[in-house]
Amino acid sequence: MSSVLTIRGGVPLTGRVTVRGAKNLVPKAMVASLLGNEPSVLRNVPEIKDVEVVTSLLQLHGVTVEKDPVTGDLTLDPKSAKTASSTAIDAHAGDSRIPILLCGPLIHAIGEAFIPDLGGCKIGDRPIDYHLNVLRQFGAVVEKRPGGIHISAPKGLHGAKISLPYPSVGATEQVLLSATRAEGITELSGAATEPEVVDLIAVLQKMGAIISVQTDRTIRIEGVKDLGGYDHRALPDRNESASWASAALVTRGDIFVEGASQRDMMTFLNTYRKVGGGMDIREDGIRFYHPGGKLSPLVLETDVHPGFMTDWQQPLVVALTQAEGVSIVHETVYENRFGFTDALARMGATIQLHRECLGSVPCRFGQRNFLHSAVISGPTPLRGTDIDIPDLRGGFSHLIAALAATGTSRVTGIDIINRGYERFTEKLAALGADFDINDAK
């Protein structure tokens, strides 16, 4: 049964929250354990839905997953890996898009993989064609079956020269997880180089992989016959850190985010400062706060790393509704990411969406009739309203808008937020938010 959050807004969020391992790394590192012939240990693991889904999928395939009751660290042992029934796997259909990354490791471990129909956030086109085309280039045979896709490699996986038309994080991870034990050398051009991708490479190198990253987005993988285990502490979640930073700004609050890392957030921190946000960077985290006075509008374009990350955009847009003047945001990564602004408009925000590219960053959507640029005029007072959460980051953005608004908001669909925000209602309570949580009727 889904839950409903009733929020009484207008209370600044103040206090301390802890951010643990990145949602965009931890499930992939768990999948990587399938490639080894020894147990692996993954540390700094958050309690989020994606981790639960991957844990269940690995256990279905015979991997032993043990969680330390004190630290939360996971020990993953793949020595008994086996084929799982399609019925059992299909039970997870729609829960996550992570299962597509199981393909390469499962083929190396047991010779085949069945991947259920994929779910994930409804923020735009995330075609799995990239993944399937990559696997075919390695020599895999892809068959569509009821409820999902069956993939095998009768002659094994072999290294390939692969060029991505767009630096997709998921496709890059697919290549890494498939190529490390493939016969021969794989050269990937047009690769994604996000910090989470680099951290996955570090995991694979600990296991015995030979991977080099060049400055022109080219990754070279020399296939090895066997891999061992790893002991790895996941890098902190920069997206959750940025979300709490925006929450502090929107609610005129003061939040210390323990675990936030400056190194992987520099582009966000520069933008946060330009808007008028205050910060205090420390060894154990970053304090984010509204320093008083007016917020400044800006022109912003999302981009792949090292640009301004698309996941940072939605929470920051809420802050821009309170800036003095006109801000322009050009979304270049996901074409439907501005769907969440409908609720903001009902709350009183002045946001106009445009099909044109309002920016200079190369964009795939300019000629495809998508509303992917936004003009935000502020400041505009926000009023409480009923909201149904559409996706992970948009949902968090709705929450912080409701927390800043006058009056009461009733927010449904909050279970989506559990996919990427660990214990978020506990954290809201610790920051002084005024809300109730009940089961939907």
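Residues numbered from 1 in each chain as written. Predicted model: local features only at pLDDT ≥ 70, side-chain atom pairs only at ≥ 80, totals over all residues. Heavy atoms only, no water.

## Let's talk about the overall build of the protein chain
Okay, so step 1: The secondary structure content of the protein chain amounts to 13 helices and 23 strands.
Okay, so step 2: Along the first, second and third principal axes, the C-alpha set of the protein chain runs to 65 × 50 × 45 Å.
Okay, so step 3: When each of the 441 residues of the protein chain is scored for burial, the buried share is 55%.
Okay, so step 4: Across the protein chain, contacts joining residues at least 24 apart in sequence account for 75% of those joining residues at least 6 apart.
Okay, so step 5: For the protein chain, the accessible surface area stands at approximately 17300 Å², while carbon and sulfur atoms represent 48% of it.
Okay, so step 6: Looking at the protein chain, you have 44 positive and 50 negative side-chain charges, and the mean spots of the two groups are 2 Å apart. (Helix = DSSP H or I, 4+ residues; strand = E, 2+ residues; numbered from the N terminus. Buried < 20%, exposed > 50% of the residue type's maximum accessible area, 1.4 Å probe, protein only. Contact = heavy atoms within 4.5 Å. Areas by Shrake-Rupley, 256 points an atom, 1.4 Å probe, with all protein chains shown as cover. Lys, Arg positive; Asp, Glu negative; His and termini not counted. Charge placed at Lys NZ, Arg CZ, Asp CG, Glu CD.)

## A few points about the pairing of strand β15 (residues 278–282)
Okay, so step 1: As paired elements, β15 and strand β16 (residues 285–289) share five bridges and run antiparallel to each other. Paired with M279 across the two strands is F288, which belongs to β16. (Pairing = 2+ DSSP bridges.)

## Some thoughts on the UniProt feature "binding site: UDP-N-acetyl-alpha-D-glucosamine" (unreviewed entry) in the protein chain
Okay, so step 1: The positions UniProt marks with the feature "binding site: UDP-N-acetyl-alpha-D-glucosamine" (unreviewed entry) are R97, D311 and V333.
Okay, so step 2: Mapped onto the elements of the fold, R97 is located in the loop between α3 (86–90) and α4 (103–110).
Okay, so step 3: You can call R97 partly exposed: its relative accessible area is 25%.
Okay, so step 4: Secondary-structure assignment places V333 in the loop between β18 (325–330) and α11 (341–346).
Okay, so step 5: Judged by relative accessible area, V333 falls into the buried class, the value being 11%. (UniProt positions renumbered as here; feature names shortened; annotations may be inferred.)

## A word on the sheet that holds strand β6 (residues 112–116)
In sheet architecture, strand pairing relies on hydrogen bonds along the backbone and comes in two forms, parallel and antiparallel.
Okay, so step 1: Spatially, three strands are ordered β6-β8-β7 in an open sheet, and the strand pairing comes out antiparallel. The outermost strands of the open sheet, each flanked by one partner alone, are β6 and β7 (141–145). On average, each strand axis in the sheet is inclined to that of its neighbour by 20 degrees, with strand direction left out of account.
Okay, so step 2: In the sheet, β6 pairs with strand β8 (residues 148–152) via five bridges, with the strands oriented antiparallel. By the bridge assignment, P116 is partnered in β8 with G148. (Axes fitted to C-alpha atoms, helices over the stretch in contact; angles between N-to-C directions.)

## A word on the nonpolar core
Okay, so step 1: Core analysis: the largest hydrophobic core is formed by 69 residues, its most contacted members being M30, L58, L76, L176 and L204.
Okay, so step 2: Residue contributions to this core peak at six residues, all from helix α7 (residues 195–207).
Okay, so step 3: Residues I255, I286, V318 and F435 belong to the second largest nonpolar core, which totals 65 residues. (Core = buried A, V, L, I, M, F, W, Y, C linked by side-chain atoms within 4.5 Å.)

## A short note on the domain arrangement of the protein chain
Okay, so step 1: When cut into domains, the protein chain gives domain 1 (3–19 + 236–439) and domain 2 (26–233).
Okay, so step 2: Using C-alpha coordinates to define each centre, domain 1 is positioned 30 Å away from domain 2.
Okay, so step 3: Residue-level contacts link 21 residues of domain 1 with 22 residues of domain 2.
Okay, so step 4: Summed over both partners, the interface of domain 1 with domain 2 buries about 1900 Å², with 49% contributed by carbon and sulfur atoms.
Okay, so step 5: Where domain 1 packs against domain 2, one counts three salt bridges.
Okay, so step 6: Joining domain 1 to domain 2, the criterion identifies seven residue pairs in polar contact (both at pLDDT 80 or more).
Okay, so step 7: Per-class residue counts for the side of domain 1 that touches domain 2 are seven nonpolar, five polar and nine charged. (Domains from an automatic or database assignment. Buried area = accessible area lost by both parts, 1.4 Å probe. Salt bridge = Lys/Arg side-chain N within 4 Å of Asp/Glu carboxyl O. Polar contact = N/O pair within 3.5 Å; in protein donor to acceptor, adjacent residues only side chain to side chain. Nonpolar A, V, L, I, M, F, W, Y, C, P; charged D, E, K, R; others polar.)

## Details of the environment of G72
Okay, so step 1: Tracing the sequence through the fold places G72 in the loop between β4 (64–67) and β5 (74–77).
Okay, so step 2: Remark: the alpha-carbon pair of G72 and L42, spanning 30 residues in sequence, is separated by 9.2 Å.

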